[in-house]
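Now for the letters of each chain:
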Amino acid sequence: MQATVQGFFDEATNTVTYVVRDPESTACAIIDSVLDFDYASGHTDTRSADQVIAFIEGQGLDLQWILETHVHADHLSAAPYIQERLGGKIGIGDRITVVQDTFGKIFNEGTRFQRDGSQFDRLFREGDSFHIGQLRGDVLHTPGHTPACLTYVIGDAAFVGDTLFMPDFGTARCDFPGGSAETLFDSVQKIMALPDETRIFVCHDYKAPGRDDYAWETTVGAQKALNVHVGAGKSRADFVAMREGRDATLAMPRLIIPSLQVNMRAGQMPEPDDSGTTYLKVPINRL
Ligand SMILES: [Fe+2]
């Protein structure tokens, strides 16, 4: 079954938010929403999310799922804001508990921060399925970039999060706490095992040398043939050496510190303090 997919590109964080709909009904899902955040001023803005909400309302769609492919390190999720406006269940991978444990320690969140994934409505595991109207979604656990990363295969479309990027850009970094280049390579093989004509929708695009436009849709067949990191039969050992070498040169994403604290809470801010103000922490020399 063919999923109807609309992408919304956020140039500030290079993120693509998707609305996936069942062509036979009004049912839809959002994958990887963005809450705009100006780090310098500490201000949030809902412009990006409002654009997606306006699209859903304009098309008369019924939002059933607000899905995250993983705990993003480069943008804040707008899942709670969207849920308040449109309903829907917030879902993520069940290994979120590992991510919550890691970053609960790094941010010294204490016992009030639950590390059991209970902030989310649904925790998906490998092999789980769900429905968007008549459209079936299947869950692949595709760790490597983070331990909890999922790929959602919905109809003929795979939403791969930060595993594969466009073929000319390659793959996602694997150097965050809990990341592993070996594991990512194995996860990519799971995606490559899907039918060649499966459409692949990536979570980020940064253009690539020689490409002037942003792009976010490709296919399994194109990834197999052309992906500069893992295509055309590249070996696991060569990939791992390349990935680890490259990761060692990368700066941390601009919004990693706020993103992790918010996204590990399903997009909620930490509790305000006695003054009613919400604060985020900056751990010194920990990341
Ligand atoms: Fe990511």
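From a predicted model like this one, the values you see are computed outputs, not experimental measurements.

What counts, and where the lines are drawn
- Residues numbered from 1 in each chain as written.
- Predicted model: local features only at pLDDT ≥ 70, side-chain atom pairs only at ≥ 80, totals over all residues.
- Axes fitted to C-alpha atoms, helices over the stretch in contact; angles between N-to-C directions.
- Helix = DSSP H or I, 4+ residues; strand = E, 2+ residues; numbered from the N terminus.
- Parallel < 35°, antiparallel > 145°, perpendicular 65-115°, else oblique.
- Left-handed = near helix turned anticlockwise from the far one by under 90°.
- Contact = placed C-beta atoms within 7 Å.
- Nonpolar A, V, L, I, M, F, W, Y, C, P; charged D, E, K, R; others polar.
- UniProt positions renumbered as here; feature names shortened; annotations may be inferred.
- Pairing = 2+ DSSP bridges.

Trainee: What should I look at first to understand the packing of helix α4 (residues 181–192) against helix α6 (residues 236–247) in this one?
Mentor: The relative placement of two packed helices is expressed as an angle between their axes plus a distance between the axes. Between α4 and α6, whose axes approach to 9 Å, the crossing angle comes to 130 degrees. Between α4 and α6, the crossing angle belongs to the class labelled oblique. Once α4 is placed against α6, the crossing between them reads as right-handed. In this structure, α4 uses Ala 181, Glu 182 and Phe 185 to contact α6, whose residues at the interface are Arg 236, Phe 239, Val 240, Arg 243 and Glu 244. Residues that form the contact of α4 with α6 fall into these classes: 4 nonpolar, no polar and 4 charged.

Trainee: Sorry, what's going on with the UniProt feature "domain: Metallo-beta-lactamase" (unreviewed entry) in the chain here?
Mentor: Taking the numbering used here, the UniProt-annotated feature "domain: Metallo-beta-lactamase" (unreviewed entry) corresponds to residues 14–204. Counting secondary structure, residues 14–204 comes out at 23% helix and 28% strand; the distance between its end C-alpha atoms is 5 Å.

Trainee: Hey, could you run me through the packing of helix α1 (residues 47–58) against helix α2 (residues 79–86) in this one?
Mentor: For the pair α1 and α2, interaxial distance at closest approach is 10 Å and the crossing angle is 30 degrees. As summarised for this structure, α1 and α2 are arranged roughly parallel, according to the angle between their axes. Remark: the crossing between α1 and α2 carries right-handed chirality. Only Tyr 81, Ile 82, Arg 85 and Leu 86 of α2 make contact with α1, whose side of the interface consists of Ala 49, Ile 53 and Ile 56. Taken together, the residues of the contact of α1 with α2 sort by class into 6 nonpolar, no polar and 1 charged.

Trainee: Is there a simple way to think about the sheet that holds strand β14 (residues 217–219) in this case?
Mentor: Two pairing modes exist for strands in a sheet, parallel and antiparallel, and in both the strands are linked by backbone hydrogen bonds. In space, the 6 strands of this open sheet follow the order β9-β10-β11-β12-β13-β14, with mixed pairing throughout. Each having just a single partner strand, β9 (129–132) and β14 make up the two edges of the open sheet. Recorded for the sheet is a direction-independent mean angle of 30 degrees between the axes of neighbouring strands. Sheet topology note: the β9/strand β10 (residues 135–141) ladder contains 4 bridges and is antiparallel. By the bridge assignment for β10, Ser 129 is matched with Asp 138.

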